[in-house]
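# Structure at a glance
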Amino acid sequence: FTLATVATAADAPSLEDQKKNYPTDQCVVSGEKLGDMGDPVEHVVKTSKGDRLLMLCCKGCRKKADKDPEKYAAKLD
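Throughout what follows, the structure given in this document is the object of discussion. Predicted, not measured: the structure shown is a model, and the values here were computed from it. (Residues numbered from 1 in each chain as written. Predicted model: local features only at pLDDT ≥ 70, side-chain atom pairs only at ≥ 80, totals over all residues. Heavy atoms only, no water.)

## A few points about the nonpolar core
We count it as follows: Side-chain atoms within 4.5 Å link the members of a nonpolar core, which is a set of buried Ala, Val, Leu, Ile, Met, Phe, Trp, Tyr and Cys residues. Exposed residues in this analysis have more than 50% of their type's maximum accessible area, buried residues have under 20%, and partly exposed residues fall in between, with area computed by a 1.4 Å probe over protein chains only. Only DSSP runs of H or I reaching four residues or more are called helices, and only runs of E reaching two or more are called strands; each is numbered from the N terminus. Contacts are assigned to residue pairs that have any heavy atoms within 4.5 Å of one another.
Cys-27, Val-28, Val-29, Leu-54 and Leu-56 are the most contacted members of the largest nonpolar core, which totals 17 residues. Secondary-structure elements contributing two or more residues to this core are strand E1 (41-47), strand E2 (50-56) and helix H3 (69-74). The biggest single contributor to this core is E2, with 4 residues. Discounting residues that sit within four places of it in the chain, Val-29 has contacts with Leu-56, Cys-61, Lys-64, Ala-65 and Tyr-72.

Right, here's the structure in full:
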C-alpha cells in the first residue's frame, strides 16, 4: 500500500510568501484586473489548507470571499 501525503495548515506558505508569489493579477472574486478600481485589497481567509491571502479589486468583494473561501482560494492553486 502507498502512504499518501496530506497537506495541513502547517504546510501553508507564510502570508508574506503568498504575497510575494501571488499567481494572478486579477481579483479572484470579480475577475477585474487588480488596481483598476484603486489599490488592491489584501484579504486573508481561513481554508482547509490554512490561512490564504486573496487579493481583491475592492472592499466590496470581501463578503463574497468570506461566504465561500475555499472556492476563491482554489482559483489560486
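## A few points about the environment of Leu-34
Mapped onto the secondary structure, Leu-34 falls in the loop between helix H1 (15-20) and E1. Look at Leu-34 and you get buried, because its relative accessible area is 18%. Counting along the chain gives 23 residues from Leu-34 to Cys-57, while the straight-line C-alpha distance between them is 5.2 Å. Excluding anything up to four places from it in sequence, Leu-34 contacts Tyr-22, Thr-24, Asp-25, Gln-26, Cys-27, Pro-40, Met-55, Leu-56 and Cys-57.

## Let's talk about a positive patch on the surface
Just so we agree on the cut-off: Patch definition: residues above 30% relative accessible area lacking any salt bridge, with like charges linked at up to 9 Å and the nonpolar side chains Val, Leu, Ile, Met, Phe, Trp and Tyr linked at up to 5 Å. Each accessible area is a Shrake-Rupley result for a 1.4 Å probe, and residues are judged covered by the shown protein chains and nothing else. Salt bridge, as used here, is a side-chain nitrogen of Lys or Arg placed within 4 Å of a carboxyl oxygen of Asp or Glu. In this tally, Asp and Glu contribute negative charge and Lys and Arg positive charge; neither His nor the terminal groups of the chain are included. One atom stands in for each charge, and that atom is NZ of Lys, CZ of Arg, CG of Asp or CD of Glu.
Where like charges cluster on the molecular surface, the positive patch consists of Lys-63, Lys-64, Lys-67, Lys-71 and Lys-75. When residues of the positive patch are assigned to their parent elements, the largest contribution, 3 residues, is made by helix H2 (residues 62-67). Tracing the sequence through the fold places Lys-75 in the segment after H3.

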